[in-house]
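# An overview of the molecular structure
Next come the chains, spelled out residue by residue.
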Amino acid sequence: MRPRPPVKGRGIVSGTGLIVTCLTATLAALVFSLWSFTDRPGAAPSVLSAQTLQTSYGPLSALDQEFLVKVRLAGLWELPAGRQARAKGTTPAVRTAGRHLVEGHRFLDERVLDVASRLDLALPEEPSDEQKQWLATLDAARGAEYDRRFANILRIAHGRVFSVVAQVRASTRNSLVRQLADDANTTVLDHIKVLEATGYVDFDAVARDLAGQSTSAPAAPVPPAGPLPGSTYPLPPPAYSPPPER
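Residues numbered from 1 in each chain as written. Predicted model: local features only at pLDDT ≥ 70, side-chain atom pairs only at ≥ 80, totals over all residues. Heavy atoms only, no water.

### Some details on the confidence of the model for the protein chain
In low-pLDDT segments, the atomic positions of the prediction should not be examined closely. We apply this condition: By definition, pLDDT measures how confident the predictor is in each residue, and it falls between 0 and 100. Residue contacts are defined here by distance: any two heavy atoms, one from each residue, within 4.5 Å place the two residues in contact.
Per-residue confidence for the protein chain gives a mean pLDDT of 79, with 66% of residues at or over 70. Per-residue pLDDT stays below 50 along residues 30-48; that stretch engages in five contacts with residues further than four places along the chain or on separate chains.

What follows is the structure, given as structure tokens:
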């Protein structure tokens, strides 16, 4: 019995045609899924953040804007705190730390105001409620208790800002913000060092505050009236030879 001759067109439909049809359908599905993904908010580069502003110095992200506000707020309360420490501090180390705060935040305040004006960004004109509370706590303290509260409140506040500066410096695409982050990093690190040099910083309290920052919004960093259980505050602080005051 002779083989049955193929029906015209059947080979195309059942073989090559079927393969081509399947490949076309798969490609169409992939293209559609890719289009659907990039069309969703937050997926395409042009919509990385609804709060990102386009400037001639590069994109200004929401984190960049938050950073500028934090630098401004720091100057609004740490400048007065530094001036106060120069007058109320009972040790040369505390008075030296106050001087560093005044000089550093005077410089940063000028820088952030200049950057904000070039980026057309509005900044606060007074400290936050929390920062006002810190200043009120320092106003009420006297003697060695003032020294201890000053060193711990300011050290905890600088620790919070330090991590933000690093994050901004690593991620910003704005050249002005990048330069300001460099200045802020140098200044904040200097302040951390002189505050620690007072001998009053409770590093356990600093660690607890930073751990709380990663899980929830902590309360204002106001140390209790007396030493914490298991911690000591040097009264008087250990010997320290600061540079001569200006």
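Once the structure has been displayed, the description carries forward.
### Things to note about the pattern of salt bridges
Threshold: Whenever a carboxyl oxygen of Asp or Glu lies within 4 Å of a side-chain nitrogen of Lys or Arg, that contact is scored as a salt bridge. The helix and strand labels rest on DSSP assignments: H or I over at least four residues marks a helix, E over at least two residues marks a strand, and numbering proceeds from the N terminus. When accessible area is computed with a 1.4 Å probe and restricted to protein chains, residues below 20% of their type maximum are described as buried, those above 50% as exposed, and intermediate ones as partly exposed.
Enumeration over the complete set of coordinates arrives at 13 salt bridges. Note that D183 and R111 form a salt bridge whose closest N and O atoms lie 2.8 Å from each other. With a gap of 72 residues between them, D183 in helix 6 (residues 175-196) and R111 in helix 3 (residues 92-119) connect regions that are remote in the sequence. One salt bridge connects D209 with R160, and the closest N-O pair in it is separated by 2.9 Å. Taken as a pair, D209 in helix 7 (residues 203-213) and R160 in helix 5 (residues 143-171) lie far apart in primary sequence, 49 residues in all. An identical accessibility class is assigned to D209 and R160; each is buried. Because the salt bridges share partners, they merge into one network encompassing R72, D109 and E125.

### Regarding the packing of helix 4 (residues 129-140) against helix 5
Note the threshold: Angles shown run from 0 to 180 degrees and are taken between the N-to-C directions of axes, each axis being a line fitted to C-alpha atoms and, for helices, limited to the stretch in contact. Orientation labels follow simple angle bins: below 35 degrees gives roughly parallel, above 145 gives roughly antiparallel, 65 to 115 gives roughly perpendicular, and whatever is left gives oblique. In this scheme, a crossing is called left-handed if the near helix is turned counterclockwise away from the far one by less than a right angle; it is called right-handed if the turn is clockwise.
The interhelical angle for the contact between helix 4 and helix 5, taken along N-to-C directions, is 160 degrees, at an axis separation of 9 Å. Here helix 4 lies roughly antiparallel to helix 5, going by the angle between them. Pair helix 4 / helix 5 crosses with left-handed handedness. Where helix 4 abuts helix 5, its residues E130, W134, T137 and L138 lie against Y146, R149, F150, I153, L154, A157 and R160.

### Structural notes on helix 6
The line we're drawing: A helix is expected to span 1.5 Å multiplied by its residue count minus one. Note that the arc is computed from the directions linking the helix axis to the C-beta atoms.
Given a rise of 1.5 Å per residue, 22 residues ought to cover 32 Å, and the 32 Å separating the end C-alpha atoms of helix 6 matches this to within 8%. Every buried residue of helix 6 is accounted for by L176, V177, L180, A181, A184, T187, V188, H191, I192, V194 and L195. Within helix 6, the buried residues cover an arc of 160 degrees as seen down the axis, which keeps them to one side. More than 90 degrees from the buried face of helix 6, the exposed residues found are T186 and K193. Buried-residue contacts for helix 6 involve helix 2 (62-88), helix 3 and helix 5.

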